[in-house]
Each structure stands twice: as C-alpha cells, then as structure tokens.
Amino acid sequence: MPAHKEENTKTVNDVPQFFRMNLEVGDLDKAAEFYGKLLGVAGRKQAGARVYFNCGEVTLQVVDVSASGQPHPAAKALYFTVNDLEKAFERAAELNCLSRESVHDAPGGGIVVRPWGERSFYVVDPWQNPLCFVEQGTVYKG
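None of the values given here were measured: they were computed from a predicted structure.

Rules behind the numbers
Within any chain, residue numbers begin from 1 and follow the written order of that chain's sequence. Selection of residues for local features in this predicted model requires a pLDDT of at least 70, selection of side-chain atom pairs for listing and counting requires 80 or more, and totals for whole chains, interfaces and linings are taken over all residues. Water and hydrogen atoms were dropped before computing side-chain values, which therefore reflect all heavy atoms in the structure. Pairing of aromatic side chains requires ring centres within 6.5 Å, counting the rings of Phe and Tyr and the six-membered ring of Trp. Pairs whose planes differ by under 30 degrees are stacked, by over 60 edge-to-face, and all others tilted. Elements are defined by DSSP. Helices are runs of H or I of four residues or more, strands are runs of E of two residues or more, and each kind is numbered from the N terminus. Per-residue accessibility, obtained with a 1.4 Å probe over protein chains only, is compared with the maximum for each type, and a residue is labelled buried under 20%, exposed over 50%, and partly exposed between these values. Within this scheme a cavity is a closed region of a 1 Å grid, computed over the protein atoms alone, that accommodates a 1.4 Å probe without allowing it to escape, whereas a pocket is open but has protein on both sides within 12 Å along at least five of seven lines; lining residues each have an atom within 4 Å of a point. Grid points are joined across faces, edges and corners, and a volume is the space filled by probe spheres set on the points. Just so you know the grouping, Ala, Val, Leu, Ile, Met, Phe, Trp, Tyr, Cys and Pro go in nonpolar, Asp, Glu, Lys and Arg go in charged, and all remaining residues, Gly too, go in polar. Any carboxyl oxygen of Asp or Glu that lies within 4 Å of a side-chain nitrogen of Lys or Arg is treated as forming a salt bridge with it.

S.K.: What should I look at first to understand the packing of aromatic side chains in this one?
M.R.: How two aromatic rings sit relative to each other is set out by the distance from centre to centre and by the angle between their planes. According to the stated counting rule, one finds six aromatic pairs in the structure shown. With a centroid separation of 5.3 Å and an interplanar angle of 20°, the aromatic rings of F80 and F133 are classed as stacked. Within this pair, whereas F80 is found in strand β5 (residues 78–82), its partner F133 is found in strand β10 (residues 130–135), the two being separated by 53 residues in sequence. We note that F80, like F133, is buried. Aromatic pair F89 and F121: ring centres 5.2 Å apart, planes at 90°, arrangement edge-to-face. Here F121 lies in strand β9 (residues 119–124) and F89 lies in helix α2 (residues 85–94), a separation of 32 residues in the sequence. Each residue in the set F80, F89, F121 and F133 is aromatic and connected to the rest through ring pairs, giving one cluster.

Structure below.
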C-alpha cells in the first residue's frame with residue numbers, strides 16, 4: 001500500500017482550512033481599539049503583542065511588530081461579509097478610514113454595487129492595511 005493518497009481519492013477532510021490571518025500594526029492598544037470599533041467585536045489580547053478577533057471561521061490576528069521594525073501592510077484587501085453594511089460603513093466613517101482610492105471607476109470608500117455584483121466599501125487602517133466590507137448575500141464566489 002502506498003504511503004500517500006492519490007489526488008483523486010482525497011476527501012473533504014484533506015482540504016486545508018484557512019483559520020487565521022495576520023495583520024501587522026505599530027501600536028497594539030490603538031489597533032485593538034480601532035479594530036474593535038471597526039469590526040464591532042471585542043478583541044482578545046494574546047501573548048506576543050497580538051490581539052485576536054473572531055471573524056467567523058477565520059481569526060484576524062493583529063500583531064504589533066514595532067519592537068522589531070515597521071509594520072508591513074497586507075498586499076491586498078482582506079474581505080469581510082456583514083449583514084448590515086450601512087452599520088459597518090457608519091463605524092468606518094467615524095474612524096475616518098474610508099478608502100480614497102477608486103475601484104473600477106467608483107469610489108472605493110463609498111457603498112457601491114461593484115461590476116461583479118458585490119455591494120461593498122473599502123477602508124484602510126492606520127497602518128495602511130486595506131480591508132473590504134461586503135454585504136452578505138451579494139458575495140461573488142466566481
């Protein structure tokens with residue numbers, strides 16, 4: 001019997017499950033307050049200068065890297081689904097973090113139905129990490 005399974009015999013349990021995402025920041029207390037307000041959920045401080053936020057099946061891990069260098073922003077937006085897009089938008093507006101960039105010729109920081117059908121808006125955190133909030137039920141799955 002071979003020591004490995006053939007690709008066509010894999011079961012659902014063999015598929016890797018995404019469970020945590022790191023975002024680097026430069027001030028843990030400020031980040032905990034910012035993300036707590038933006039996401040509308042309390043974070044849990046952890047050892048190693050980090051705060052965990054439960055975001056469904058994936059945990060957002062906000063890590064303060066200021067002791068060893070400057071935060072490196074995420075390459076592209078992290079996407080969150082929300083039931084009440086207007087409420088999430090209000091929180092982002094209060095934090096003054098709505099994106100000023102254009103997304104497919106529409107304001108990224110405005111609630112817009114994107115060409116692919118998602119109703120969404122974009123924000124940028126104080127460490128230049130891009131985020132997007134998408135209304136549940138409009139998610140484009142490809």
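Having seen the structure, we can now continue with the description.
S.K.: I would appreciate a short explanation of the layout of surface pockets in the present structure.
M.R.: A water-sized probe rolled over the atoms picks out the places where empty space is left. Considered as a void within the structure, the largest pocket measures approximately 430 Å³ in volume. Lining the largest pocket are 17 residues, and of these C55, G56, Y79, F80 and T81 lie nearest its centre. Breaking the lining of the largest pocket down by element, the ones donating at least two residues are β3 (50–55), β4 (58–64) and β5. Here the lining of the largest pocket takes five residues from β5, the largest share from any one element. By residue class, the composition of the lining of the largest pocket is 12 nonpolar, four polar and one charged. Within this model, the second largest pocket holds a volume of roughly 240 Å³.

S.K.: Even after reading the chapter, I still don't get the pattern of salt bridges, so can you show me in this structure?
M.R.: Pairing between side chains becomes possible if they bear opposite charge and their charged atoms approach one another. Throughout the structure, instances matching the rule amount to four salt bridges. Overlapping salt bridges, with partners in common, bring together E86, R119 and E135 in one network.

S.K.: I'm lost on the environment of N96 in this one. Help?
M.R.: By secondary structure assignment, the location of N96 is in the loop between α2 and β6 (102–103). The class for N96 is exposed, based on a relative accessible area of 57%. Residues N96 and Y122, spaced 26 residues apart in sequence, show a C-alpha to C-alpha distance of 12 Å.

These figures capture arrangement, not role.
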